[in-house]
Structure formats: C-alpha cells, structure tokens
Amino acid sequence: MKKLLIVVLLTALGQAFAAAKPYNVLVIQTDEHHFKTLGCYGGKIVSTPNIDWIAKNGAIATSFYATTPVCSPSRAALVSGRYPQATPVTNNNIPLGDDVVTFAEVLRLKGYKTGYSGKWHLDGLGKPQWAPKRKFGFEDNRHMFNRGHWKVFAFSKAGPMIASFNKRGEPDYKLKGADQHSYATDWLANRTIDFINKNKGKPFCYMVSFPDPHGPNTVRKPYDKLYADVEVPIPVSINKPRAQTPRWAAADPRITADTVRLLMPKYYGMVKCLDDNIGRILETLRKNKQIDNTIIVFTSDHGDLCGEHGRLNKGVPYEGSARIPFLMVCPGKIPAGMVVNEALSCVDFMPTLFALTGDKLPKGVQGRDASALFRGKADKWDDVAFLRSTSNGQPWLAAVTDRFKLVYSSLGQPWLFDLKTDPDELQNAFGKPESKPIIRDLTKRLADYAKRNNDPYAGNKQIQADMNQALGQAKDHGAAERTAPPAGSQRAAHPFAWPVEWRRRSIEHAVGLRAANSACPVFLLSPRLAGVLDVQRQQTAPRAGCPKKGRPFCRPAVVGVEPPRIDRRDHLAADRRRRDESRRMGTTHRPSPRGRHPLLGCSHHDRQSPPLAKKITKRLAKRVKDDSRTHPHSFSPASKYGPKWISLQVDEQEQ
C-alpha cells in the first residue's frame, strides 16, 4: 500500500513539474513567401511535409496578414506587437526604436537563453552588418545580419562572413561555393541546431530568419533543377483589363506568363530546401526530447505576388503580397489540427504567445490576444485586421476580415474585395448596393483603429474624404481631384492634358522600346508613371503601315509619350517652351514640323516603322540621360527584356 502511495505521489509530482516547466519558444521566419507554395495551404507542386507537420500537430491561421507587406515594418510589428507607426518602422531600413520591448527581451529577463540568426532588417542601412550592437533581447546575435539576401556564408577569424564575392572583391548574391553546409538556408539551420543542442536543459527562445525564398531566385544543387520540368500555373490575374486594376497596384507590362515560367521553378526549389532544413531542426528537438515542451511558430514577413496581377514581390494589399503563412504548435494547449479562420496580423503574435506562456505584456503592445482562437475556446472574436502601406507619400489603409477586404487609398477610388466569390481579387464590389452595410461597418472599424492607434494615414485628404463619404458624413468623393481626363477625350492621352500634379514630361519616365507580338515599336512607361496613370496594355488590331499585317499590335491603353493625335495647341505650346529655352541657351530654335511629336520629334507613322526604331530609341535615351539628375530612371531597349534582364531586376530587389 505504501509503495502504491509513493508511486502515485511521484507521478503527481512529475506531472506538476512538467506543467510548471516553461515552454521553449522557436520562431521560424521566411522572407517573401507565397503561402500557396505550402502543402498545408493547398500547394500541389512542392512537397512540404515538415512545415505541414507543424500545421497538423498545431494550428493553421488561414487569414493571417503582414501588418505592412514589406520587410522591416512587418518584422518590427511581429517582434513588438506594435503597429508600424509606433515602432517607428514605417518603411524599410528604418531602425527599430530604442524604447521597443520585444518578446525576446521579456523572456530573457525571465531567465531564458535567447538568440537570433539570419536577416534582421531593423537596424538601419547596415549591410550585411553582422551582430548589431542593439540586441533587443536576442542575447546571442552573432549570426544575425542586418540586410541583404546573401546566398553563401562561411566563418573567418573575425566571425561569420559572406562567402561569395564579385570581381571587385565585394560580397554579392551569387552561389559561388554553395553546398549543403555553406548555402544560406543550410548554414542558418545549422546555427539553429547548434543553439538548441547547447541549451538542452534550459528554457530557450530562438528566432531564425531565413532570407529565402526572396529573390534573386537562385538555389544550390540539386534544388536548382528539381522543378525545372514542372508545369508552372499561370495566375488568371496576370493579364486583366484596366477596369479590374486599382491605381495603387498598376501592373508592370513586362511581367508576362513567360516571366512566371522563368522565375518559379527556382522559387519552388528554395521552398523545398527550406522544408528539408526545417525537418532537420524538428528532428533535433525530437532527439533532445524537447519537442513536447516547445512552442514552434512558422511564418513569413510578407508574401510574393509571383506574377499575380502582373506584378512581382510585395507592397500592396493583394492576397499574394499581404497574406502570409502562420502556423503554431503548443503541446498541451493548442489542439492538433486546429484551423483559425478569423483575420489576424503580425501585431497579434506577441499577445497570443504570452497568453500561452503566461507572461505579462510590456507597455506599448497594441495587438490582440488570439490564444482562445488557437485553443478552440473563443466564443466571440472581432474578425478584422488592419493593414497599412509604407510611408511612400501615396498611402493606403485596409480593413480585412476572413471574407472581405476594404482598401482606401490616396490613389483612385476605394476598393472592396469579396474573397469568397472573387478569390483572385478581380472585381471591385464597392459600388454594389448590397455592399453598403459591409463598407459602412468596415469603415467604422478602420476609423476606430486609426483613432486608437494614432494612424496618420486616416488624415490623408483623399482617404479621409472617401471614409467620410462611406460613413455618410460627406457628399463629395473628391474624385475630380484625382481622376484623369475622360478616356474618350482626344487630349486625355497627351502629357500636357493631365492634371497639374501629373503635368510632367513623360519622356523621362519611359524605360524601353518594345513591340509585343509584332515588329511595331511602342514606348512603355515606367512602373512609377504607370502607377500614376493606371496604365495597362491592351491588344488591338494592327494599324495601317504596320509591316506585320495580321498580327496584334500591343500598346498602352493610355499613351503618354505617343498620343494618337497631337493637339495643335499643345504642339505650339511645346514649341514656345523650346524657343524660350533656345534663347536662354543662345542656340538656334527649329520649330517642329506640323504633325510631329513635340518631344520626340517623330510622327505617328514614323513610330510604326521598324527601321526608325533605333533612331527613336537613341533620341529617347539621350533625353533620359540629359534629365537623369531630376529623373533618375534607367533606359533599356527591348532586346534586354529577356531572362537575363528579369533576373537582374530581381537581383536588385533589395528590400
């Protein structure tokens, strides 16, 4: 009887000790990761059994969003529980405020062993800048670097280093010498495993931030060829009409189905490499018998559109850009296979984590505790999350639920997406009568958020006018101030006919000479100007004089540098400006012949003649070069718009 009593007491004491033992915390973050590449989110191409294991044994959030869908603001929101304007990281390369207390700092003060490896992007412009001096609670930050998407790492006497260099001896993003030990994903997984093994008997908090699958889209062998023959799905939104495109997200006409087919196989390879290495980390936890006492979180800082809506990368409130994977395992508290459908964002992570660990939140946290959702015990939840743009001078604000997304922007009209009936985000439901109750409700919540969290974007003239209109507090949308001339107007396409804020010589913004599916030359506008003008390409019948009769002629729907017909008044005005400039410079003024473009000096038919393409290209290049100080846009001819050019653009995506 005594032996039985002793056994019962020891068992009870063991259970009590296990219950009192603090959870380890492991946060795994990827960079620019489209959630649909994961099996647990419906991905079919890449097998991700290890990441899927986290979803299967814990919870998956189906509507988790980056508070601001770019690197630095999203990362700051995740580690602090604050909205970007309170961190104050509202754009990339802004240092995290000294007053910010991260989840790692709270756990460090509690006695946890803390560490971080990988990309940080919260200490300003330093690049790569290993081991930033300000640690924010991540005590072992030897393997933390501030910026860059480096592919190969190594050790030197001074510590970790970039192991790939260009001809000038500068570190680059190439794959020189990359193998299963030195490639970035493998190298950072090894640092994580080392930390876990070193702290077997101690509670730890560790965050690893992998730079993949962010561009450049390159990966080590054998992952580089693993999906070379796969049939890449082409987004239905890649070639949509202008009416289905908000002005805050104008498509890049250079992004085509071929672009997607070129870039995605290596992207899939990066995702597979990530999953294999996460499997090694999970196996280490199992071997050390830590798996049953570790909270494991898998997420990303933002998504990647991967060609959706004719765009790459991020920065807009579209699903591929703003919606991110979020998986969480917490043994004993989060039931296996739990699905959380309510809308959440990065600011909600810290309060939710501390509700599970039993820790007190520091001052300044603005996110919500969603632990009841993850435990399956939530009776009531306010299904809404708030997103905001970077501080780029053209702000947008969004209120998102599991089904609806309402976007107010300083550019163009408000947009409402019904993600249930329109998952590809092609239709604006804002003008539908049945949408009025939804719009009013979400607008009210957005206004409350802005007031509560001191968001200055709600004070933007256009956003405020649109929100007031939705709430019935104003009569005028202010549309006249932000709308281009009517599409049918003869002067609508001419640069001198635009509103004052757009009345700039569009020639400096042209970035190439290209004819799609024909030999006819056509000027394309830069993404910046395209964003202002809401430019989209459209297929039209071949014009008279086109040497390739019977083949479609591709031209911008709103052409800023080649108006279909030159208005005589604009022609004379341009001549007067050129004459005045000639007088100031002491040169001879030669009026442009009637019917010729006042900026290019060529006629409409000239622009349809391929032999003149080279001449016009040189003229355009010279104009760009002359004005490079005020309009620093590069010029590239159509011959460079191939795989090499695309790869170069992705390589230069530094944020």
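Below or above, wherever it landed, is the structure these notes cover. Please read all numbers here as calculations on a predicted model, not as lab measurements.

Regarding the overall build of the protein
1) Next: Counting its regular elements, the protein contains 17 helices and 20 strands.
2) Next: Considering the protein as a whole, with its 655 residues, one finds that 57% of them fall into the buried category.
3) Next: Of all intrachain contacts in the protein linking residues separated by at least 6 positions in sequence, the fraction that spans at least 24 positions is 68%.
4) Next: Here the protein displays about 29100 Å² of accessible surface, and carbon together with sulfur accounts for 53% of that area.

Section: helix H8 (residues 349-357)
1) Next: In terms of burial, H8 is largely enclosed, as eight of its nine residues are buried.
2) Next: Positive backbone phi, approximately 80 degrees, marks Gly 358, located one or two places after H8.

Description of the sheet that holds strand E1 (residues 24-30)
1) Next: Ordered by their spatial adjacency, eight strands build an open sheet running E5-E4-E8-E1-E9-E10-E2-E11, and the pairing between neighbours is mixed. What marks the edges here is a single partner per strand, and that holds for strand E5 (140-145) and strand E11 (338-340). The sheet shows a mean angle of 10 degrees between the axes of neighbouring strands, taken without regard to direction.
2) Next: Where strand E4 (residues 113-119) meets strand E8 (residues 204-209), six bridges bridge the pair, whose relative direction is parallel. Looking across to E8, one finds that Lys 113 is bridged to Phe 204.
3) Next: Against the sheet, helix H5 (residues 184-198) contacts E1, E4, E5 and E8, and its axis sits at roughly 175 degrees relative to E8.

Looking at the pattern of salt bridges
1) Next: With the rule as written, the count across this model stands at 29 salt bridges.
2) Next: In this structure, the salt-bridge partner of Asp 140 is Arg 142, at a minimum N-O distance of 2.8 Å.
3) Next: Judged by relative accessible area, which is 47%, Arg 142 ranks as partly exposed.
4) Next: As a salt-bridge pair, Arg 368 and Asp 348 come within 3.3 Å of each other at their nearest N and O atoms. On the criterion of sequence distance, the pair formed by Arg 368 in the loop between H8 and helix H9 (371-375) and Asp 348 in the loop between strand E12 (344-345) and H8 is long-range, its members being 20 residues apart.
5) Next: Overlapping salt bridges bring together Asp 31, Arg 75, Lys 119 and Asp 301 as one network.

What to know about the sheet that holds strand E16 (residues 415-418)
1) Next: Taken in spatial order, the four strands line up as E13-E14-E15-E16 in an open sheet, and their pairing is antiparallel. Looking at which strands have only one partner, the edges of the open sheet turn out to be strand E13 (385-388) and E16. When the angles between neighbouring strand axes are averaged without regard to direction, this sheet yields 15 degrees.
2) Next: In this structure, strand E14 (residues 396-400) lies alongside strand E15 (residues 404-409), joined through five bridges in antiparallel fashion. Looking at E15, one finds that Trp 396 is bridged to Ser 409.
3) Next: In the packing of helix H10 (residues 436-452) onto the sheet, the strands contacted are E13, E14, E15 and E16, and the crossing angle to E15 comes to about 60 degrees.
4) Next: Across the face of the sheet, helix H11 (residues 461-470) comes into contact with E14 and E15 while running at roughly 130 degrees to E15.

Brief notes about the nonpolar core
1) Next: If you look at the biggest cluster of nonpolar residues, it comprises 69 residues, and the most contacted ones within it are Leu 96, Phe 103, Met 328, Phe 349, Phe 374 and Tyr 408.
2) Next: Dropping the residues within four chain positions of it, Phe 103 is found in contact with Val 27, Leu 78, Val 79, Phe 138, Cys 205, Met 207, Phe 349, Met 350, Leu 353 and Phe 354.
3) Next: By size, the runner-up hydrophobic cluster in this structure holds 51 residues, among which are Phe 145, Cys 273, Leu 274 and Cys 306.

Points about the packing of helix H2 (residues 49-57) against helix H6 (residues 257-287)
1) Next: Two elements in contact, H2 and H6, have axes separated by 7 Å at closest approach and are oriented at 55 degrees. Considering their axes alone, H2 and H6 lie oblique with respect to each other. Here Pro 49, Asn 50, Ile 51, Trp 53 and Ile 54 of H2 lie close against H6, whose contacting residues are Lys 272, Asp 275, Asp 276, Ile 278, Gly 279, Leu 282 and Arg 286.
2) Next: Of the residues that constitute the contact of H2 with H6, the class distribution is six nonpolar, two polar and four charged.

A look at the side chain of Glu 319
1) Next: Along the chain, Glu 319 turns up in helix H7 (residues 319-322).
2) Next: Not counting the four nearest positions on each side in its chain, Glu 319 is found in contact with Phe 35, Tyr 65, Lys 405, Leu 419 and Glu 425.

Considerations on the environment of Lys 198
1) Next: With respect to the helices, strands and loops of the structure, Lys 198 is situated in helix H5.
2) Next: Look at Lys 198 and you get exposed, because its relative accessible area is 62%.
3) Next: Separated by 85 residues in the primary sequence, Lys 198 and Lys 113 place their C-alpha atoms 9.9 Å from one another.

Re unusual backbone geometry
1) Next: A cis amide bond links Lys 127 to the next residue, Pro 128, at an omega of -5 degrees.
2) Next: Along the chain, Pro 128 falls in the loop between E4 and E5.
3) Next: A positive phi is found at Asn 313, a non-glycine position, where the angle reads about 70 degrees.
4) Next: Here Asn 313 is to be found in the loop between strand E9 (294-300) and H7.
5) Next: Residue classification places Asn 313 among the buried residues on the basis of a relative accessible area of 12%.

Here we look at the packing of aromatic side chains
1) Next: Under the counting rule described, the total for this entry stands at 27 aromatic pairs.
2) Next: Between Phe 103 and Phe 349 the ring centres are 5.5 Å apart and the planes differ by 90 degrees, which places this aromatic pair in the edge-to-face class. A residue pair is termed long-range when its members are at least 10 positions apart, and Phe 103 in helix H4 (residues 103-109) and Phe 349 in helix H8 qualify at 246 residues. For the pair Phe 103 and Phe 349, one class covers both residues: buried.
3) Next: For the pair Phe 153 and Trp 187, a centre-to-centre distance of 5.0 Å together with 55 degrees between the ring planes defines the contact as tilted.

A short note on the side chain of Thr 62
1) Next: One can find Thr 62 in the loop between strand E2 (59-61) and strand E3 (64-65).
2) Next: Overall, Thr 62 belongs to the buried group, its relative accessible area being 17%.
3) Next: Among the polar contacts made by the side chain of Thr 62, one reaches the side chain of Asn 341 at a distance of 2.9 Å.
4) Next: Not counting the four nearest positions on each side in its chain, Thr 62 is found in contact with Tyr 41, Arg 323, Val 339, Val 340, Asn 341 and Asp 402.

Brief notes about the pairing of E1
Regular strands place their side chains on alternate faces of the sheet.
1) Next: Most of E1 sits inside the fold, with seven of its seven residues counted as buried.
2) Next: Along E1, one buried face is formed by Asn 24, Leu 26, Ile 28 and Thr 30 and the opposite face, lined by Val 25, Val 27 and Gln 29, is buried too.
3) Next: Both E1 and E8 contribute to a ladder of five bridges, which runs parallel. Bridge pairing in E8 places Gln 29 opposite Ser 209.

Focus on H6
1) Next: The terminal C-alpha atoms of H6 lie 45 Å apart, and with 31 residues this matches the ideal 45 Å at 1.5 Å per residue to within 8%.
2) Next: Approximately 30 degrees is the largest bend angle found in H6, and it occurs at Met 264, with the proline Pro 265 only one to four residues beyond.
3) Next: Counting buried positions over the 31 residues of H6 gives 22, a clear majority of the element.

Reading guide: rules and limits
Residues numbered from 1 in each chain as written. Predicted model: local features only at pLDDT ≥ 70, side-chain atom pairs only at ≥ 80, totals over all residues. Heavy atoms only, no water. Helix = DSSP H or I, 4+ residues; strand = E, 2+ residues; numbered from the N terminus. Buried < 20%, exposed > 50% of the residue type's maximum accessible area, 1.4 Å probe, protein only. Contact = heavy atoms within 4.5 Å. Areas by Shrake-Rupley, 256 points an atom, 1.4 Å probe, with all protein chains shown as cover. Pairing = 2+ DSSP bridges. Axes fitted to C-alpha atoms, helices over the stretch in contact; angles between N-to-C directions. Salt bridge = Lys/Arg side-chain N within 4 Å of Asp/Glu carboxyl O. Core = buried A, V, L, I, M, F, W, Y, C linked by side-chain atoms within 4.5 Å. Parallel < 35°, antiparallel > 145°, perpendicular 65-115°, else oblique. Nonpolar A, V, L, I, M, F, W, Y, C, P; charged D, E, K, R; others polar. Phe/Tyr/Trp six-rings, centres within 6.5 Å; stacked < 30°, edge-to-face > 60°. Polar contact = N/O pair within 3.5 Å; in protein donor to acceptor, adjacent residues only side chain to side chain. Expected span 1.5 Å × (residues − 1). Bend = angle between axes of the 7 residues up to and from the residue.

So yeah, pure geometry; function would need other evidence.
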